[in-house]
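Chain and residue survey
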Amino acid sequence: MVREANRDDLDGMLELYLFLHETCVPERNAHLADTWNTIMEDPNYHLVVNEIDGKIVSSCTCLIVPNLTHGVRPYAFIENVVTNENYRGKGYATQCLDYARNLARREDCYKMMLMTGSKKESTLRFYENAGYEKETKTAFYQSL
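Report follows, based on the coordinates. Keep in mind that what you see is a predicted model, and the values were worked out from it rather than measured.

A closer look at the nonpolar core
One finds Cys-60, Ile-78, Val-81, Leu-97, Leu-114 and Tyr-132 to be the most contacted residues of the largest nonpolar core, which totals 18 residues. Elements that contribute at least two residues to this core include exactly strand E3 (55-65), strand E4 (75-83) and helix H3 (92-106). Per-element accounting of this core gives the leading share, six residues, to H3. Beyond its immediate stretch of four places on either side in the chain, Leu-114 contacts Ile-78, Val-81, Leu-97, Tyr-127 and Tyr-132. Leu-10, Met-13, Leu-16 and Ile-56 belong to the second-largest nonpolar core, a separate cluster that totals twelve residues.

Given below as structure tokens:
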């Protein structure tokens, strides 16, 4: 079932992010709690999850960014696309991205953007099959 995350999903998200690039679950402290509350309360932050048999197996983040150009229409930014390795190849991430696209359309976004650090052909093909174009824009990255 694809849906937006709720306050009870923190543990499931932290476990899922171990399949993204995290190496351990962060310490439970005030900073983690404050960050989770900020995410849950932000109307422009959509944490999309795919839950199978009570377990979050896939997710993506969809941020709606208010904008003064393109007729004062917002745009959507997709980040942290991840699927538990035991559930890959079954379409769960595609369902999350489809849900995010519907959110962006509902919010009247004029575009969606996604960046990946992956150079794997299978990953790039996955994003192209999901409707993303790699030749349209040039992305730059600066680590802080």
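From this point, the narrative continues.
So, the packing of aromatic side chains
In this description, an aromatic ring pair is defined by two values, namely the gap between the centres and the angle between the planes. Within this structure, the stated rule accounts for three aromatic pairs. Taking the centre distance of 6.3 Å and the plane angle of 55° together, the rings of Tyr-87 and Tyr-92 count as tilted. A relative accessible area of 16% means that Tyr-92 is categorised as buried. The positively charged end of Lys-111 is found above the aromatic ring belonging to Tyr-75, 5.4 Å away from the centroid.

Reading the values: the criteria
- Residues numbered from 1 in each chain as written.
- Predicted model: local features only at pLDDT ≥ 70, side-chain atom pairs only at ≥ 80, totals over all residues.
- Heavy atoms only, no water.
- Core = buried A, V, L, I, M, F, W, Y, C linked by side-chain atoms within 4.5 Å.
- Buried < 20%, exposed > 50% of the residue type's maximum accessible area, 1.4 Å probe, protein only.
- Helix = DSSP H or I, 4+ residues; strand = E, 2+ residues; numbered from the N terminus.
- Contact = heavy atoms within 4.5 Å.
- Phe/Tyr/Trp six-rings, centres within 6.5 Å; stacked < 30°, edge-to-face > 60°.
- Lys NZ or Arg CZ within 6 Å of the ring centre and 35° of its normal.

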